Amino acid sequence: MSPNTVGNGALIPFSGDTTDSLAVYPLHHDLARPISRLAISWSRGNSLRVSLFAEPSVNPNTGDGAKVVEVKLGGGDPEITDADWRRIAYGSVAPFALLQSRRSSLSELSKSPSPYHLDWWEHVLQYSKDITSLLGGPKLSPSLIIEDPNEIVQKNEEPTCLKAAWELMEIFYVDKQSQAWLPERLVDWLADYDSLFTSTQETIHGKLVDFQNDLVNIQVIEDDPRYWEVMSSALSVGWLDIVVKMLRLHGSYQLDQLSNRELENGLVEAVAVLISKMPRLRPESVVGNLGECFKSKPDFIKAWEKWRSQITKLDCSPFWIQCDNQQTREGLRDLLQVMLGNTESLCTASCYWIELYVSHFLYIRPFTIGIESMYNLAQKCIQLKPPTGTHRLTELMIGILEENTEVVLAEISREFGPWMIAHAVELLTAGSEQAEILLHDERDNLGGISIVELHRLAYAQILSSHTLTWQIAPIYLTSCMKQGMGLLENLLYRQSVQHKNTLLKNIEICRLYELDHISSNIMKVAGVYHWKHGRKGAGVYWLQQSQDTSCLDRIAQQLFDSVGKSISDESFKQWEGIIELLGSESKPAGGLEFLHKYRDFKKSLQMVYSGKSTDAARQAVGSLIMLMKNPSTPQRFWLPLLYDSLKLLNWKDSPLLSVSETNLLLNKLQELSLARQRPHFTEPSLPPQAPSSIRLALATNLGRAILDE
Amino acid sequence: MAVTANSETSQIHRFPQYKYIDAVRWLPVLSAFNRFAVLATFDYDSDLSSIEIHSFKPNPISFEFQSSWNSPSRISSLKASQFLQKTVIAASTSSGSLHFLFADSSDATLESEVSVPEDELHSVSESSIDLMDGGVECVTVGDDGRVNLVTVGNSNLNYRRLFDSGGLVSYTAVKWASPVEFATGGYGFGLHWWDQRKPGGPVSQFKGNWDKNLTSGIVHSIDIHPSRKHTCLAGGSLGTVLAWDLRWQQQPIILSGTGAGDGNTAVQSISESEVWEVQYDRCIKSNTSSTRILPSMICSEDGILGVIEQGEESIELLAEPCAINSFDIDRHNPLDVICSLEWEAVAILTRQ
């Protein structure tokens, strides 16, 4: 797709064939003149930076010549801000890493290629719980200490679709222990997340909130038809606490009316008691929730039948005729119909198919087991309450019930983004070998990687593009067998060496994953960077760390230029710092080794000048010979070195240099005079008679040394 | 906010900030009811750097934003001290400027600010500062090899350059030892001792006669205890924490570190990575021998906050999955430690 400019300055995407599937987004830029050129590059995160250049104009006052516009791609998840996504990304690192290490240790232990293991789901469940704890929305202000009797709906935190989707997958794929009471888990799930569906359709939660807001304006609550309607709705999805609490708001409980409406109150209370005694097939209820829980099926059946017979008995009781409040009578009997599982009542009470679905589990088919029968029931509910719109959670739920892993993958990838899919594949593969094969199989159409790896790599790329999260990308990249390491190397090379902290973090990551060759290259780059920016000490340090002797040699030559000028003055002191840095001789210092020896020579020479000790002079000669022998000593230093040591060569008491040593120095002198003939030779700033006086001193010394030997 | 009971010895509270925390300090504020912390933050989404004051209340636990000051660029070094009824916060930025903020000493409201503009003190991004205890003298050192002294007056600033190595030596850490002496740290575990009475260069250099196997590194932080001014404590690369006693110059006492060669098993290492900050632990048991190095606290790149004591097992106070960039021990309540976590959060640890 190449951009094309149109006369009025608007940019229209131009494409050859597929014109029908194009979406055109206008870009506002305020440039007065027509656009001549345009450049597009990635900006931070998901943003594109578009630079627009106007046609050059003769008149400089015709407005701006260029403009840069940032285009944010994709609206992102409106529920979760960028900063919150980062919080989730940080928090999910530890659970993810733990699960991966468990997987690898398990597969090592069992020596089988597949990590599928009998109690593997327990590890995944732990992982899933850790992740769930991250996904909670912002905590709402804590509820008042004195409970408001009119407050029906309570919320502890703002629910999010992300958390709802995660929990839904955990319920179906991971938690094997609660497979037996899967329907009840769906009841709990809907109780937590029903409010999320309010955005696309009417919900029971929405009805409850509306009613609660109107509560202060209602004089006689039981005369309001909505009171009964809302209660049967809440009862149909099993929100027993709310229904009982609402029933107790009934006017007959008021002290001044209790005597007149004794029978009516008795009926209300009887229904309330029946509701609070509803048997549930589940291990235990959330603390304080109503209903009686039964773990084993036979116990439950017994209690269920007893409970239903109590309802039927109450339904047929003669007291109803004696009750003269028609609203109460009809309302209560509606509630009984819901409890008896009257299909019609359930259908009127619920707002959309998931609510109806849950009510079926509660009152008609509490023993539904197996995904297939659950799917059939869902289809029946969809027929009864056809959805008016699509919601991302319903789409996901249908995908799960259809047992179609591909659809589930596509849904979560489209609706919840790369974080979700990279982490949720662990749930999908937890209990099903089939999904495991589907997701872990290497595919040719994906370049030989598996679906799992593909999504992890995609997520790692997102992390890598952000300054604050790039350092967690290695965790995901290293879990990718095929292409992870290659991308990790790219990532590490891409980081800036300018900032010390980033550089050290980069090197630390190399150390953790044993990527010594990369860290050595990075240190080399850092060394050259610092050197070029005038921080010679830091440059030398990093080059030494990377053991790059050839580079050290090269910079040594540059360094000696400045050393040479200050050969005999006090300012040599400033070199102390860098010489210290070079440290012991075991470290590669390249050509810089010379500085070390040069310093030693300077020191002993100073001692010779301050005192007259022959020992000091001998030491100085030793250093001199070492320097002259060493190939790293630059040629331009030879003459100044020899000139500085004239005093040693002319030592009064005895010749300090042996015959062979003197010959070595004479040879060096000879070499120098040959080098002088070459074009690029730079003459040291020494008196013109220097070479001849050195030669004379060496000759004298040679003579004395021959006599001595 | 999450509460984790780390064994029975301390309570940890984490406060997500949704911003990167470059540095954190307790404010030396004289208030009976409130405790204050100063944070150097960087908000990636808005590209804003600032210095924020937060108030901390232990019961019920809360860590609330009070006020902030926008900085022209990211903070690279942050220090706080008390001077003449005022709380002084000094911060150097990555663009090379230096800022002093004055806050009310009882409620920590920011009152005024004076600054040295960019390029006056340092030419590069990385610099480190130290503010004299109870004084207004601030020493700044940088990667560019410059050492400056900044004196804060009532409404003006004076500054002068003490030394310029011309980049041959880079300085990465600095700490006052006395009103006229200070120590600096740099590359190759280089430590220098300076005396303002003897200008022209460092008066003493730490010549590490390292074992041949010992790997060299960078000093990130220095601390000097007011009662033992001759000992300089330094923390840096490879989990290294060492004490340099000016009286026995050639022998560093290595308290922790992995770079100490294969044969050297006597030294344990609390961390394997960069030690970002080191401070003497203000909370000292009475039976500490006077010949030993006092216990010190460190935080590291591999997420450790711990206490090191010579000849003892080190104690891990916190082991995070992310780096701990900086920490500070409250000088009035030395049991309380605040630290900044790389994953955009602050943790406050109360030792029992």
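This structure is a prediction, so every number in the text was calculated from the model and none was measured. (Residues numbered from 1 in each chain as written. Chains lettered and ligands numbered in written order. Predicted model: local features only at pLDDT ≥ 70, side-chain atom pairs only at ≥ 80, totals over all residues. Heavy atoms only, no water.)

### Structural notes on the overall build of chain A
On a plain count of helices and strands, chain A comes out with 32 helices and nine strands. The proportion of buried residues among the 709 residues of chain A is 48%. A separation of at least 24 residues holds for 62% of the contacts in chain A among residues at least 6 apart in sequence. As displayed, chain A offers around 35,100 Å² of accessible surface, 53% of which is attributable to carbon and sulfur atoms. (Helix = DSSP H or I, 4+ residues; strand = E, 2+ residues; numbered from the N terminus. Buried < 20%, exposed > 50% of the residue type's maximum accessible area, 1.4 Å probe, protein only. Contact = heavy atoms within 4.5 Å. Areas by Shrake-Rupley, 256 points an atom, 1.4 Å probe, with all protein chains shown as cover.)

### Let's talk about the overall build of chain B
Across its full length, chain B carries zero helices and 29 strands. When burial is assessed residue by residue, chain B has 61% of its 352 residues classed as buried. A separation threshold of at least 6 residues defines the contact pool for chain B, and within that pool the share at least 24 residues apart is 47%. Surface accessibility of chain B: about 13,600 Å² in total, with carbon and sulfur atoms responsible for 48%.

### Details of the sheet that holds strand β22 (residues 253-256) of chain B
In a beta sheet, neighbouring strands pair by backbone hydrogen bonds and run either parallel or antiparallel. Residue and element names in this part refer to chain B. The strand order across the open sheet built from four strands is β19-β20-β21-β22, with neighbouring strands paired in antiparallel fashion. The open sheet has two free edges, formed respectively by β19 (219-225) and β22, since each of these has just one partner strand. Adjacent strand axes in the sheet meet at a mean angle of 25°, parallel and antiparallel pairs treated alike. (Pairing = 2+ DSSP bridges. Axes fitted to C-alpha atoms, helices over the stretch in contact; angles between N-to-C directions.)

### Some words on the domain arrangement of chain A
With domains assigned, chain A is organised as domain 1 (35-72), domain 2 (82-107 + 117-138 + 154-179), domain 3 (181-385) and domain 4 (548-708). Taken over C-alpha atoms, the centre of domain 1 of chain A sits 62 Å from the centre of domain 3 of chain A. (Domains from an automatic or database assignment.)

### Looking at empty space enclosed by the protein
All names here are of chain A. Taken as a whole, this structure holds eight cavities of 30 Å³ or more when the rule is applied. Breaking the lining of the largest cavity down by element, the ones donating at least two residues are α4 (182-193), β6 (279-281) and α14 (353-363). Looking at the lining of the largest cavity, its residues break down into ten nonpolar, no polar and two charged. (1 Å grid on protein atoms, 1.4 Å probe; cavity = no way out; pocket = protein on both sides within 12 Å on 5 of 7 lines; lining within 4 Å. Points joined across faces, edges and corners; volume = space filled by probe spheres on them. Nonpolar A, V, L, I, M, F, W, Y, C, P; charged D, E, K, R; others polar.)

### A short note on the pairing of strand β17 (residues 191-195) of chain B
In regular strands, side chains alternate between the two faces of the sheet. Residues and elements named next belong to chain B. Counted residue by residue, β17 has five buried out of five residues, so it is predominantly covered. Burial along β17 is two-sided: Leu191, Trp193 and Asp195 facing one way and His192 and Trp194 facing the other are all buried. In terms of strand pairing, strand β16 (residues 181-186) meets β17 through five bridges, oriented antiparallel. Bridged to phenylalanine 182 within β17 is tryptophan 194. Here β16 hands over to β17 after four residues, with glycine 188 in that stretch at a positive phi of 65°. Here β17 pairs with strand β18 (residues 204-205) via two bridges, running antiparallel.

### Topic: the interface of chain B and chain A
Contacts between the two partners involve 37 residues from chain B and, on the opposite side, 40 residues from chain A. Of the roughly 3,600 Å² buried between chain B and chain A on both sides combined, carbon and sulfur atoms contribute 54%. On the chain B side of the contact with chain A, Tyr44(B), Leu168(B) and Trp343(B) bury the most area, a combined 23% of that side's loss. Notably, a salt bridge pairs Asp143(B) with Arg535(A), separated by 3.9 Å at the nearest N-O pair. On the surface where chain B and chain A come into contact, there are twelve residue pairs in polar contact (both at pLDDT 80 or more). (Buried area = accessible area lost by both parts, 1.4 Å probe. Salt bridge = Lys/Arg side-chain N within 4 Å of Asp/Glu carboxyl O. Polar contact = N/O pair within 3.5 Å; in protein donor to acceptor, adjacent residues only side chain to side chain.)

### Notes on the sheet that holds strand β4 (residues 35-43) of chain B
Residue and element names in this part refer to chain B. Overall, antiparallel pairing links the four strands, which are arranged β3-β4-β5-β6 in an open sheet. The open sheet has two edge strands with one neighbour each: β3 (20-26) and β6 (61-71). Each adjacent strand pair in this sheet contributes to an overall mean axis angle of 25°, direction not counted. Sheet topology places β3 next to β4; six bridges connect them, and they run antiparallel.

### Regarding the side chain of Thr662(A)
One can find Thr662(A) in helix α31 (residues 659-675). Sequence-distant contacts of Thr662(A), defined by excluding residues within four places in its chain, comprise Leu657(A), Leu698(A), Asn701(A) and Leu702(A).

### Considerations on the packing of aromatic side chains
A full pass over the atoms with the stated rule returns 25 aromatic pairs over all chains. Ring centres of Phe182(B) and Trp194(B) lie 5.9 Å apart, and the angle between their planes is 10°; this geometry places the pair in the stacked category. With Phe182(B) in strand β16 and Trp194(B) in strand β17, this pair connects stretches of sequence that are twelve residues apart. By the ring-pair criterion, three or more aromatic residues cluster together here, those being Phe163(B), Tyr171(B), Trp176(B), Phe182(B) and Trp194(B). When the ring centre of Phe53(A) is taken as origin, the NZ or CZ atom of Arg37(A), which lies over that ring, is 4.6 Å away. One residue, Arg35(B), lies across the ring of Trp26(B), its end atom 5.1 Å from the ring centre. (Phe/Tyr/Trp six-rings, centres within 6.5 Å; stacked < 30°, edge-to-face > 60°. Lys NZ or Arg CZ within 6 Å of the ring centre and 35° of its normal.)

### Regarding unusual backbone geometry
Residues and elements named next belong to chain A. Positive phi outside glycine occurs at glutamate 403, with the angle close to 55°. The residue glutamate 403 is located in the loop between α16 (392-401) and α17 (405-428) in this model. Classification of glutamate 403 as exposed rests on a relative accessible area of 56%.

### Some remarks on helix α21 (residues 484-494) of chain A
Residue and element names in this part refer to chain A. Taken residue by residue, α21 has Gly484, Leu488, Leu491 and Leu492 as its buried positions. All buried residues of α21 fall inside an arc of 95° around its axis, so they share one side. Its buried side turned inward, α21 meets α19 (451-464), α20 (473-477), α22 (500-512) and α23 (516-532). (Arc of directions from axis to C-beta.)

### A word on the state of the cysteines
A full pass over the atoms with the stated rule returns zero disulfides over all chains. Cys351(A) takes part in no disulfide bond, and the closest cysteine sulfur to it belongs to Cys347(A), at a distance of 11 Å. Taking the relative accessible area as the measure of exposure, Cys351(A) reaches 19% and is therefore buried. Cys232(B) provides the cysteine sulfur closest to Cys138(B), a residue in no disulfide bond, and the two sulfurs are 18 Å apart. By relative accessible area, Cys138(B) is classed as buried at 0%. (Disulfide = S-S within 2.5 Å.)

### Remarks on the side chain of Asp223(B)
All names here are of chain B. Within the secondary structure layout, aspartate 223 lies in strand β19. Among the polar contacts made by the side chain of aspartate 223, one reaches the main-chain amide nitrogen of tyrosine 280 at a distance of 2.7 Å. When near neighbours in sequence (up to four residues on either side) are disregarded, aspartate 223 contacts Lys175, Thr231, Cys232, Leu233, Val278, Gln279 and Tyr280.

### Some details on the confidence of the model for chain B
All names here are of chain B. With 89% of its residues at a pLDDT of at least 70, chain B reaches an overall mean of 86. For the stretch residues 1-7, pLDDT sits under 50, and the model shows 19 contacts to residues farther than four places along the chain or on other chains. Our summary of model confidence lists the complex with pTM equal to 0.84 and ipTM equal to 0.91. (pLDDT = per-residue confidence, 0-100.)

### Remarks on the pattern of salt bridges
All names here are of chain B. Across all of its chains, the model carries 42 salt bridges over all chains by this definition. Notably, a salt bridge pairs aspartate 330 with arginine 35, separated by 2.9 Å at the nearest N-O pair. With a gap of 295 residues between them, aspartate 330 in the loop between β27 (324-329) and β28 (336-341) and arginine 35 in strand β4 connect regions that are remote in the sequence. Classification of arginine 35 as buried rests on a relative accessible area of 15%.

### Observations regarding the environment of Tyr227(A)
All names here are of chain A. Assignment of secondary structure puts tyrosine 227 in helix α6 (residues 225-236). The spatial distance from the C-alpha of tyrosine 227 to the C-alpha of isoleucine 579 is 88 Å, given a sequence separation of 352 residues. Among the polar contacts listed, one links the side chain of tyrosine 227 to the backbone oxygen of methionine 246, at a separation of 2.6 Å.

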